[in-house]
Amino acid sequence: MFVDVAKITIKAGKGGDGAVSFHREKFVAAGGPDGGDGGRGGNVVFVADDNLSTLMDFRYKRKYAAQPGENGSGSRCTGKNAPDLVIKVPRGTLIRDAASGLLMADISGDEPVIVAKGGKGGWGNTHFASPTRQIPKFAKPGLPGEEYEVRLELKLIADVGLIGFPNVGKSTLISVISAAKPKIANYHFTTLSPVLGVVKVGPEQSFVAADIPGLIEGASEGIGLGHDFLRHVERCRLLLHVVDVSGCEGRDPVEDFEKINTELQSFSPELATRPQVVLGNKCDIATEEQIESFKSYVESKGLTFMPISAATNQGLKNLPGIVWDRLQQLPPVQVFEPDFVPYAVNPNERTYTIEKTADHEFTITAPWLERILAGSDVDDYESLQYFQRQLDESGILRDLVAQGVEEEDTIKIGEYQFDYIF
C-alpha cells in the first residue's frame, strides 16, 4: 500500500534537573554546595533513507518521544546528555507544522535535520551560592523539549514525470525505457500509485522517471485518483506529457492535452510552467493525418513533439538521450525552503496571568515560576526567600495587591498552594 501523507506527534526530551547536594568529606568542614547540572534532553532528528518508499510505518506509530537528559549529581557531576531520537523517512519527505501548515524541513539531502530540540539541563545548587546565601537548598529543573504535531508529506524526487489521461500508455512506456515493472492492463486507473524507474542513458548517465497515476478533468479538485499524486509532480524538472494521438477511446488528443495542462495550472501555476516534451503515443494505430494534425498543434505552442508507440518501441530508441540533453539545461531538483519559526522557549521570559478564581482565592499561571518551585525546598528559609524575590522582581506581588489580595487569601501556582501573608 502506498502511503504518502501521515500525521504524527514528536516530542524532544526534557533537560535533566540540577542537583541539590553538599560536599561531604572527612576533615572538611562546611564543604559547601556541589550539585551538578542536568544533561540536555534528546533532539528529534529526521534523516532520509533510500530503502523506504512510503510513509506506511507512520500509520501505526504516531507518537515519537526522545529521552530526557540525566539529572545532575553531587561532586559537581553533570548529567549525561540524552541520545537523539532518529526517525527515518523516504527521501523527499516534507515536514510541516500541523497547526499552521508551515514547512519545517525538506528531507531531500543526506544530512540529518533536527526538527525538535531537546531542553537544556537545569543548574545545580552550586550556581546559587553567594556570600549571603552559603547553603542554597534549591536548583533549577531542566527545560522542556520542543513538542509538535507534524504532517509528513512525501513528494517523490524524480527528474522526469510522466503525466497524461488514464490508459494512454504511461505504464507501458516506463516499463520499456527503465527496469520498472508497473501493472499494465487495458483499463483506466491500472496504476494506483506513482512508480519510479531509473532510465540508463550511458556510462554514469541516468535519470529517474516517475509514472504518475492518470489525471482526469477535475483532478485538482479531488476527482479521480490523480489529485492524490499531483504533489509528486512538483519536484520533476521535466514533464513527459503522454497523449493518445490515435483517439482510440473516442477522445480528442487536443482536448486531452489542454485539460491536463488546465489541471496542472489549477494545482500549481508554477507547475504549469515546467518544461514539457509531448509524446504522441499509439502512433502504430493512428493515421498520418492524426499525427501531423496534433504535431502542428503542439509545435504551435512552442513545445517539442515526438511520435512514439510504447507497445512496439517505435520512436523510443532516441527518447532517453533527448530527455537527458534537456535535463542538462535545467536547474537541479527543487528543494523547498522552510518557513516555520520554532516556538520560542525563553527561560528568561517571565510572562504570567493572575485570575481570581473564587472568593479569597487567586490562581497564578506562570510556567517559569512552576519550574522554580519544582527545584526549591519551600520548607527551607533561604529557598523561600529566593522564591519570594522572584515574585517581587517579576511584578506578581504588585499585581496581586492591585487586584485586592487580602491576608490569608489562597494563592495557587500549578500544583502548589500558599496563604498570602503581608
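Residues numbered from 1 in each chain as written. Predicted model: local features only at pLDDT ≥ 70, side-chain atom pairs only at ≥ 80, totals over all residues. Heavy atoms only, no water.

Focus on the overall build of the chain
Note the cut-off: Note on conventions: DSSP H or I runs of at least 4 residues are helices, E runs of at least 2 residues are strands, and numbering of each starts at the N terminus. Radius of gyration: over C-alpha atoms. The globule rule applied is 2.2 Å multiplied by the number of residues raised to the 0.38 power. The criterion used for residue contact is that any of the two residues' heavy atoms lie within 4.5 Å. A 1.4 Å probe and the Shrake-Rupley method give the accessible areas. Residues count as covered only by the protein chains that appear here. In this tally, Asp and Glu contribute negative charge and Lys and Arg positive charge; neither His nor the terminal groups of the chain are included. Working definition for charges: the position is that of NZ of Lys, CZ of Arg, CG of Asp or CD of Glu.
Secondary structure assignment for the chain yields eight helices and 18 strands. For the chain, whose C-alpha radius of gyration is 32 Å, the value lies well above the compact-globule estimate of 22 Å for 422 residues. On the principal axes, the C-alpha backbone points of the chain span a range of 100 × 55 × 35 Å. Relative to all contacts within the chain whose residues are 6 or more apart in sequence, the contacts with residues 24 or more apart total 72%. Accessible surface, the chain as shown: approximately 21400 Å² in total, 50% of it carbon and sulfur. Once the 43 positive and 59 negative side-chain charges of the chain are each reduced to a mean point, those two points are 5 Å apart.

Let's talk about the pairing of strand β8 (residues 147-154)
Our working definition: For two strands to count as paired, DSSP must find a minimum of two bridges between them.
In this structure, strand β1 (residues 5-11) lies alongside β8, joined through seven bridges in antiparallel fashion. Counterpart to Ala6 in the pairing with β8 is Leu152. As judged from the five bridges shared by strand β5 (residues 93-97) and β8, these two strands associate in the antiparallel manner. Looking at the pairing, Asp97 lines up with Val150 of β8.

Re the packing of aromatic side chains
Within a pair of aromatic rings, the relevant descriptors are the distance that separates the centres and the angle that separates the planes. Put simply, the test is: Note on aromatic pairs: the rings of Phe, Tyr and Trp (six-membered ring only in Trp) are paired at centre separations within 6.5 Å, and the planes decide the class, stacked below 30 degrees, edge-to-face beyond 60, tilted for the rest. Burial status follows relative accessibility: with a 1.4 Å probe on protein chains alone, a residue under 20% of its type maximum counts as buried, one over 50% as exposed, and anything between as partly exposed.
Scanning the model with the defined rule gives eight aromatic pairs in all. The interplanar angle of 90° and the centroid separation of 5.6 Å between the aromatic rings of Tyr148 and Phe340 together place this pair among those described as edge-to-face. Of this pair, Tyr148 sits in strand β8 while Phe340 sits in the loop between α5 (319-328) and β15 (353-358), and the two are 192 residues apart along the sequence. The exposure class assigned to Phe340 is buried, which follows from its relative accessible area of 14%. Ring plane angle 80° and centroid distance 5.7 Å describe the contact between Phe294 and Phe305, whose orientation is recorded as edge-to-face. Residue Phe294 is found in helix α4 (residues 288-300), and its partner Phe305 is found in strand β14 (residues 304-307); the two are separated by eleven residues along the sequence. Assigned by exposure class, Phe294 and Phe305 land together as buried.

Let's talk about the confidence of the model for the chain
Detailed conclusions should not be drawn from predicted coordinates in areas where pLDDT is low. Operational definition: Confidence scores per residue from the predictor, reported as pLDDT, run from 0 to 100.
Looking at the chain as a whole, the pLDDT averages 85, with 90% of positions reaching at least 70. Here residues 187-191 is modelled with pLDDT under 50, and outside its nearest four sequence neighbours on either side it reaches 18 contacts, counting other chains as well.

Some details on the sheet that holds strand β6 (residues 103-107)
Note the cut-off: Axis definition: a line fitted to C-alpha atoms, limited for helices to the stretch in contact. Angles are taken between N-to-C directions and run from 0 to 180 degrees.
With mixed pairing, the five strands of this open sheet are ordered in space as β3-β1-β8-β5-β6. Both edges of this open sheet fall to β3 (63-65) and β6, since each of them pairs with a single strand only. For this sheet the average axis-to-axis angle between neighbouring strands, irrespective of direction, equals 25°.

Observations regarding the pattern of salt bridges
Short version of the rule: Salt bridge, as used here, is a side-chain nitrogen of Lys or Arg placed within 4 Å of a carboxyl oxygen of Asp or Glu.
Under the definition given, this model contains 13 salt bridges. Between Glu153 and Arg96 there is a salt bridge whose closest N-O contact spans 3.4 Å. Note that Glu153 is positioned in strand β8 and Arg96 in strand β5, a separation of 57 residues in sequence. Glu153 is the partner of Arg151 in a salt bridge, and the nearest nitrogen-oxygen pair spans 2.8 Å. Among the residues examined, Arg151 registers a relative accessible area of 30% and is labelled partly exposed.

Points about the pairing of β14
Sheet topology places strand β13 (residues 276-281) next to β14; four bridges connect them, and they run parallel. Of the residues in β14, the one forming a bridge with Gly280 is Pro307.

Quick look at the side chain of Arg235
What counts here: Two N or O atoms count as a polar contact when they lie within 3.5 Å, although within protein this holds only if one can serve as hydrogen donor and the other as acceptor, and sequence-adjacent residues are included solely when both atoms are side-chain atoms.
Take Arg235: it is sitting in the loop between β11 (205-211) and β12 (238-244). On the basis of relative accessibility, which here comes to 1%, the residue Arg235 falls in the buried class. At 3.1 Å, the side chain of Arg235 forms a polar contact with the backbone oxygen of Gly92.

Describing the environment of Val323
Within the fold, Val323 resides in helix α5. In sequence terms Val323 and Asp34 are 289 residues apart; their C-alpha atoms lie 69 Å from each other.

Re the sheet that holds strand β16 (residues 361-365)
Here four strands make up an open sheet; going across it, the order is β15-β16-β17-β18 and the pairing mixed. The sheet is open, and its two borders are formed by β15 and β18 (416-419), each paired with just one other strand. On average, adjacent strands in this sheet sit at an angle of 25° to one another, irrespective of strand direction.

Thoughts on the environment of Lys120
Following the sequence through the fold, Lys120 ends up in the loop between β7 (113-116) and β8. Taking the C-alpha atoms as reference points, Lys120 and Glu70, separated by 50 residues in sequence, lie 11 Å from one another. If sequence neighbours within four positions are ignored, Lys120 has contacts with Gly15, Gly142 and Leu143.

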